Number of protein chains: 2
Amino acid sequence: MPIAGFYKLYLSPNRKYIKKLHNLLGFVPGNLSLYRMAFRHKSVAQAVKKGVKNSNERLEFLGDAVLGCVIAEVLFKLYPYGDEGFLTELRSKIVSRVNLNQLARKLGFEQLIEYDTRMVNSTRQGSLLGDAFEALVGAVYLDKGYEFTKDFLINNIIKSHIDIHTLEQTETNFKSKLIEWCQRHSKDISFDLIENQEGESTKLFTIQAIVDGEVMGMGKEFSKKNAEKLAAEKACEALAI
Amino acid sequence: MPIAGFYKLYLSPNRKYIKKLHNLLGFVPGNLSLYRMAFRHKSVAQAVKKGVKNSNERLEFLGDAVLGCVIAEVLFKLYPYGDEGFLTELRSKIVSRVNLNQLARKLGFEQLIEYDTRMVNSTRQGSLLGDAFEALVGAVYLDKGYEFTKDFLINNIIKSHIDIHTLEQTETNFKSKLIEWCQRHSKDISFDLIENQEGESTKLFTIQAIVDGEVMGMGKEFSKKNAEKLAAEKACEALAI
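About the thresholds
- Residues numbered from 1 in each chain as written.
- Chains lettered and ligands numbered in written order.
- Predicted model: local features only at pLDDT ≥ 70, side-chain atom pairs only at ≥ 80, totals over all residues.
- Heavy atoms only, no water.
- Domains from an automatic or database assignment.
- Patch = residues over 30% accessible without salt bridge, like charges linked within 9 Å, V, L, I, M, F, W, Y side chains within 5 Å.
- Areas by Shrake-Rupley, 256 points an atom, 1.4 Å probe, with all protein chains shown as cover.
- Salt bridge = Lys/Arg side-chain N within 4 Å of Asp/Glu carboxyl O.
- Helix = DSSP H or I, 4+ residues; strand = E, 2+ residues; numbered from the N terminus.
- Buried < 20%, exposed > 50% of the residue type's maximum accessible area, 1.4 Å probe, protein only.
- 1 Å grid on protein atoms, 1.4 Å probe; cavity = no way out; pocket = protein on both sides within 12 Å on 5 of 7 lines; lining within 4 Å.
- Points joined across faces, edges and corners; volume = space filled by probe spheres on them.
- Contact = heavy atoms within 4.5 Å.
- Buried area = accessible area lost by both parts, 1.4 Å probe.
- Polar contact = N/O pair within 3.5 Å; in protein donor to acceptor, adjacent residues only side chain to side chain.
- Least-squares fit on C-alpha atoms with pLDDT ≥ 70 in both.
- Phe/Tyr/Trp six-rings, centres within 6.5 Å; stacked < 30°, edge-to-face > 60°.
- Lys NZ or Arg CZ within 6 Å of the ring centre and 35° of its normal.

A. The domain arrangement of chain A, seen in detail. The domain boundaries assigned to chain A delineate domain 1 (31-169) and domain 2 (174-238). The C-alpha-based centres of domain 1 of chain A and domain 2 of chain A are spaced at 31 Å.

Set out below in structure tokens:
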């Protein structure tokens, strides 16, 4: 271990926090303020200037981009014959809020995130974790650079915690997700065909997903099934399911 | 100039192509096949295996991610007090298809792109350029690595060709864009308020953008203006305006 790392872990006044990060992440962090910011939800952030708060939201923006880039390369190389549609869909599954929340929970981020419980309702609590994971990626990037972040993500995160081949198999079925949610919340759900537009050789279907009489999503596709799928996906998005 | 660069530019059997790339990009390319692929539209691509074609679409997937990451960092550092909403919107403007098409045209990509004119209609021709630009970023990344690509994008592209501060000021007004398009194509356009849902202290408005009697986009927002804006944006997307 380099002397700086030894100092940080055993002698620095911040050694407790550094040790915690070291245990969770597997490396000795450099600029601690970046990591503290990555775990600071806006509900406990303070305005620093011009109304901008020192929360993790800016780091989340950066980390989301870095993560997207690393995953893109991993998939590009892992599936040399996968077309761009396949690669895009698989990446969406990997970086989905649901998946990142689970990942951050597994990594033990709950012990590091700072937020005000009174200001965050319970349904939003889960996604604080995924947000913090993205912000952490942004912090690692600024602290250590691209190559380090890529190695960290591949070796410490993807290889141990993300089962890409299983995600590849699971189809995110928005239609059944929406129907289940409606049943659980006693709401009516229907998929209504609004119109089909006939072209020369193809038909375009427009379908609305209607929850309790309200249009929550609409899909326009060349097959009824795909139009329903899209409508259901939009409805899931609108209802934050 | 290193000997390898000298050989490539003056002695290699591919020197003509290499010189062209060198003139356009400002550096001597390494793996030529990556660059050739970046400029190959699917209309002229050949199947290489399992139905996958050697077109630029996979590189476009990768390049889009690399570009998004570099721009994210540039904006993160350029606007230390910009919040994530501002950063996200500004990045979308920079990497919009319209902007990338213009950029690729300025860079002279038209002389390098290979495509079958019979298979690409004229409205799609413009966006071949932006697609090729993204694919090129993917090729540079695979050929030269992240840091090189970042320097190339910042020094050869962003500084000389992208006016970030002007883009920051221009608001992409989807509503007027949609209305203009409808006037030009003699189509009726209306924004219909479908319902407003009243919450305890807030109202949620649902607005549909209707073009020639057909719902082309829907927006649900807390203000009528924003609901219209969203509906117009979706309609522009659906109509590929």
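B. Broad picture of a nonpolar patch on the surface. Residues and elements named next belong to chain A. A surface patch of nonpolar side chains, about 420 Å² in accessible area, is lined by Phe 6, Tyr 7, Tyr 10 and Leu 11. With respect to the helices, strands and loops of the structure, Tyr 10 is situated in helix α1 (residues 3-10). Of the residues examined, Tyr 10 reaches a relative accessible area of 41% and is grouped as partly exposed.

C. Seen up close, empty space enclosed by the protein. All names here are of chain B. By the definition in use, this model includes one cavity of 30 Å³ or more. Counted as a void, the largest cavity has a volume near 30 Å³. Only α4 (57-78), α6 (97-106) and α8 (146-161) provide two or more residues apiece to the lining of the largest cavity. Tallying contributions element by element places α8 first for the lining of the largest cavity, with three residues.

D. View of the interface of chain B and chain A. At the interface, 41 residues of chain B touch 39 residues of chain A. Across the chain B to chain A interface the summed buried area is about 3700 Å²; carbon plus sulfur atoms make up 64%. Broken down residue by residue, the surface that chain B buries against chain A is led by Arg 58, Phe 61 and Tyr 81 of chain B, which jointly contribute 23%. If you look at where chain B meets chain A, you find two salt bridges. The partner of Glu 214 of chain A in a salt bridge is Lys 220 of chain B, and the shortest N-O contact between them spans 2.9 Å. Put simply, chain B and chain A have 14 residue pairs in polar contact (both at pLDDT 80 or more) between them. Counting only elements with at least two residues in the side of chain B that touches chain A, the list comes to α4, α5 (84-94), α7 (122-144), α8, β3 (189-198), β4 (203-211) and β5 (214-221) of chain B. Per-element tally for the side of chain B that touches chain A: the top contributor is α4 of chain B, with 14 residues.

E. Region of interest: the relation of the copies chain B and chain A. Each copy superposes on the other: chain B lies on chain A with an RMSD of 0.1 Å after a rotation of 180 degrees and an axial shift of 0.0 Å. Given the turn and translation reported, the copies of this chain are related as if by a two-fold rotation axis. Rotation axis and chain B: the residue whose C-alpha lies nearest the axis is Cys 69 of chain B, separated from it by 3.3 Å. When the interface residues of chain B are mapped onto chain A, 95% of them are again interface residues, pointing to one common binding face.

F. Looking closely at the packing of aromatic side chains. Applying the stated criterion across every chain, the model contains 19 aromatic pairs over all chains. Between Tyr 141 of chain A and Tyr 146 of chain A, the ring centres sit 6.4 Å apart and the planes meet at 80 degrees, which makes this aromatic pair edge-to-face. In this structure Tyr 141 of chain A comes out as buried when scored by relative accessible area, which is 4%. Taken together, the ring pairs connect Phe 27, Tyr 35, Phe 148 and Phe 152 of chain A into an aromatic cluster. Sitting over the ring of Phe 76 of chain A, Arg 58 of chain B keeps its end group 4.2 Å from the ring centre. Lying across the ring of Phe 191 of chain B, Lys 175 of chain B places its NZ or CZ 5.2 Å from the centre.

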